[in-house]
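Topology and contacts: notes
What follows is each chain in one-letter form.
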Amino acid sequence: MIAKLIKNELIKIFRQTGWKIITLIILIVAIVVPPFMKSLIPKNTDVYIDHYYYYKQEYEKTEPDSAEREYLKALLEAEKFCMDNNIDVNGWRYGYVHAYKKDYVTLRAFELIRDGWDALEIADAFKEYSDMAVYTDENGKDQLYINTLTNSDYNTGSFEYESVPFDKNDISDYIAAESEIIRKTEKLLLSGKAEYADIKIKEIREMLKAEEAILADAKTKFIEDNSQRFEYDTARNRCEILKITGQCWESFKKCEKENENWIHNEICYYMDDLLNNAYYNSALNKSSFKDGKYIVQSGGNPSMSFNSYEKYLERYADPKREDYILGAKTVLYSVENRIPIDPDYNNSGISSKKWLEYSINIDVYIVMFFCIFLACVIMSSEYGSGTIRLLVIRPCARWKLLLSKLLVIGIFGVGMLMAAFLITFVSTVISFGWGDLGVPCLETSGESIIQTAPLICTLKNALINSLSMFCIAALAFFLSLFIKKGVFSIAVSILLYAFGGAIANVSWYALEALPFLRYTLIPYFMNLGVIRYNALDRAISISPVSADYGLDIQSGIIITLLTSVILTVMSFVIFDRQQIKN
C-alpha cells in the first residue's frame, strides 16, 4: 500500500511542469559548475612561466636610459643567475630566490643613486621589487624610506627589517649591507637539498636548545608558586613542535624526487604556523584581560569571557596542547608517507579534489533548498486545494499516508543528490582531469591519524553539511501540518536556511552563562561543517573554534538527527489527531 502511495505521489509531482524544471536546473548546475569554476582560475597559474623572457620583452619596450629600463635590467640579471645555475624559481628554494631577487634589485637601485640618479625616481621605478618605498608626509612632500636590516641569520636566510628614512650619506653602508646579504643568499641558492635540509635541522636544534632553557626556568617557577603558566605552556608546546619539525626536515632530506616541493612548503607553512601560534594554547595574550574580564575573540567567532587569565588557562591549556601536538604529528605523517595535506599541493590552482568538494557542496545546497521547498508544499498544497479530504476518506491509515509523503521527500532529496554527485564527479574529471583524486585525505580521530579515500571523505563532508538542512525539511513538514499554510512554512524555512549558521554562532556567546544550550540544536545548527575541524585545523586557527565552547561533531550529529526524529514524530501525532472537515 505504501509503495503504491509513493509511486502515485512521485508521478503527481513529476507531472507538474514546475518540478520538471527544478529537476532540470539541478542537473544543469551539476554539469556546469565544475567547468565554470575552472573558467574562474586565472590563466597565468602555470608556476613555470618563464620570467626571464617576460622581463626581456618588457625591457625592450622601455625607453633607453630610463629608470624603468634599469629596474627591468636588474630583474633580468637576477633571473639569469637562477637560469645559469639551474635553480627552479618555484621549487623548494622559492623563499631564497624571492629574497635574492628583491635584494639584488635593491642593490642595483642603491648603486644607481650613488652614481647620480634621482633617488625618488629610482624608488618609484623599483618599488614593486625592492626594499624601497616612497611615502607622502603630512606636508604633502614625498619622502623615501628603506627597509634596513635589523636582525639576521645568514645560515638560515632569516632576516628582519625596519622601515627608516633614507639618508643618501649612508649609501655606501646600504650597498655594503645588501652585498653581504646577497653573497650569503647566493651560497644558499647553490646548495643541494641535503645541504639545505642540514641548515634547517641545525636551525631547529638551536631553537630547541633556547626553548628548553626557557621551559626549564618557567617550569621551576610554575611548580614553585604556580606563576608563569603562560610561558610554561608556550615553551612546552614549542619544544614538542620543534622536535617534530626536526623529524620533518630529516624526512625532507631523504626525498628522492627533486620536484617534491610540496613537502618543503608544507613543513614551512604548517609547522611555522604551529610555532607562531603556540602561545594561543595559553590564550591569545595577556593584553586581552580588560575591565576585569579575560576576553578571547578573533576572526568571525563569538567571544568568550573569563573572570581571570588563569581561569582560561585551567580550562583550555591541556586540550589545546593535545591539538598542537596531534597537528604537528599530522604534518610529520604527511611528510613521511608523502600524502599532501593541502589538496592544491603543487600550487597550480588546479586541484581536482578541491574543486570536486566545492562543486558537491553547491549541489548539496541547491538540492536541499528544493527538498525543503517540497517539504513545505507537499502537505500544505493538499490542504489548500481541499484534496486532503479525499486522502483521509481512503481505506488507508493516516500514518501510512503521511509516511508515504515523507518517503517521497527523502527519495527526491537522496535521488537528486546521488544524480548530482555522479554528474558533478564526471564533469569535474572532464574539466580538471583525474589529478589528485587518488591521493588519500588525512583525518584525525582521537589521537590517531587515518587515511580516507578522497571520494568517501568528500561525500562524508557533504552528508554532514546536509544534515542541518534535512532538519529544516523536517521542521517545514511539521509547520505545513500544524499551520496548514505553505507560505508560512516556506518563509520560516528560508529564514533558517539563510541565517541558521549566524544564529548558531550568536548562541555561542551564551554558552558560558547557559551551558545547557550545548545539549540543544541551537549551537550546532548549520554549523556541523565548521565543528568538524580536525586537530591541525584547530591548532593553526588563530581564532577560537567550536572545541573551545565544548562542542563536538559527534554530539552535533546526534542532536541534529534526534531533533529531526522528534519533529517527524510530532508531525505524525498532529496529523493523526487532526479534525478534517468535509
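Throughout, residues of each chain are indexed from 1 in the direction in which the sequence is written. Given that this is a predicted model, residues contribute local features only at a pLDDT of at least 70 and side-chain atom pairs are listed and counted only at 80 or more, while totals for whole chains, interfaces and linings are drawn from all residues. Water and hydrogen atoms were dropped before computing side-chain values, which therefore reflect all heavy atoms in the structure.

**Considerations on the packing of aromatic side chains**
Aromatic ring pairs are reported here in terms of the distance separating the ring centres and the angle at which the planes meet. Applied cut-off: Here a pair means two rings of Phe, Tyr or Trp (six-membered ring of Trp) with centres within 6.5 Å. Their orientation is stacked below 30 degrees between planes, edge-to-face above 60, and tilted elsewhere. Numbering goes from the N terminus for both helices and strands, where a helix is a DSSP run of H or I of at least four residues and a strand is a run of E of at least two. Residue exposure (1.4 Å probe, protein chains only): buried if accessible area is under 20% of the type maximum, exposed if over 50%, otherwise partly exposed. To sit over a ring, a charge needs its Lys NZ or Arg CZ within 6 Å of the ring centre and within 35 degrees of the ring normal.
Evaluated as defined, the whole model comprises 19 aromatic pairs. Pairing Tyr196 with Phe252 gives two aromatic rings, centres 6.1 Å apart and planes at 70°, and the pair type is edge-to-face. Of this pair, Tyr196 sits in helix H8 (residues 193-225) while Phe252 is found in helix H9 (residues 229-253), placing the two residues 56 residues apart along the sequence. For the pair Tyr196 and Phe252, one class covers both residues: buried. For the pair Trp355 and Phe432, a centre-to-centre distance of 5.9 Å together with 10° between the ring planes defines the contact as stacked. Within this pair, whereas Trp355 is found in helix H12 (residues 352-385), its partner Phe432 is found in helix H14 (residues 398-432), the two being separated by 77 residues in sequence. Of the two residues examined, Trp355 and Phe432, each falls in the buried class. Grouped by ring-pair contacts, the aromatic residues Phe14, Trp19, Phe373 and Phe412 constitute a single cluster. Its guanidinium or amino end placed over the ring of Tyr59, Arg69 lies 4.2 Å from that ring's centre, counting from NZ or CZ. Note that Arg398 overlies the ring of Phe575, its terminal NZ or CZ placed 5.6 Å from the centroid.

**With respect to the pattern of salt bridges**
Defined as follows: In the sections that follow, a salt bridge refers to a side-chain nitrogen of Lys or Arg positioned within 4 Å of a carboxyl oxygen of Asp or Glu.
Enumeration over the complete set of coordinates arrives at 17 salt bridges. With a closest N to O distance of 3.3 Å, Lys61 and Glu58 form a salt bridge. Of this pair, Lys61 and Glu58 both sit in helix H3 (residues 51-61), three residues apart, which is roughly one turn of the helix. On the basis of relative accessible area, Lys61 is assigned to the exposed category, the value being 63%.

**Digging into unusual backbone geometry**
One non-glycine residue, Asp65, lies in the positive phi region at around 60°. Structurally, the position occupied by Asp65 is in the loop between H3 and helix H4 (67-84). Located in the positive-phi region is Arg338, a residue other than glycine, with phi close to 55°. Relative to the helices and strands, Arg338 is located in the loop between helix H11 (309-337) and H12. Classification of Arg338 by relative accessible area gives partly exposed; the value is 27%.

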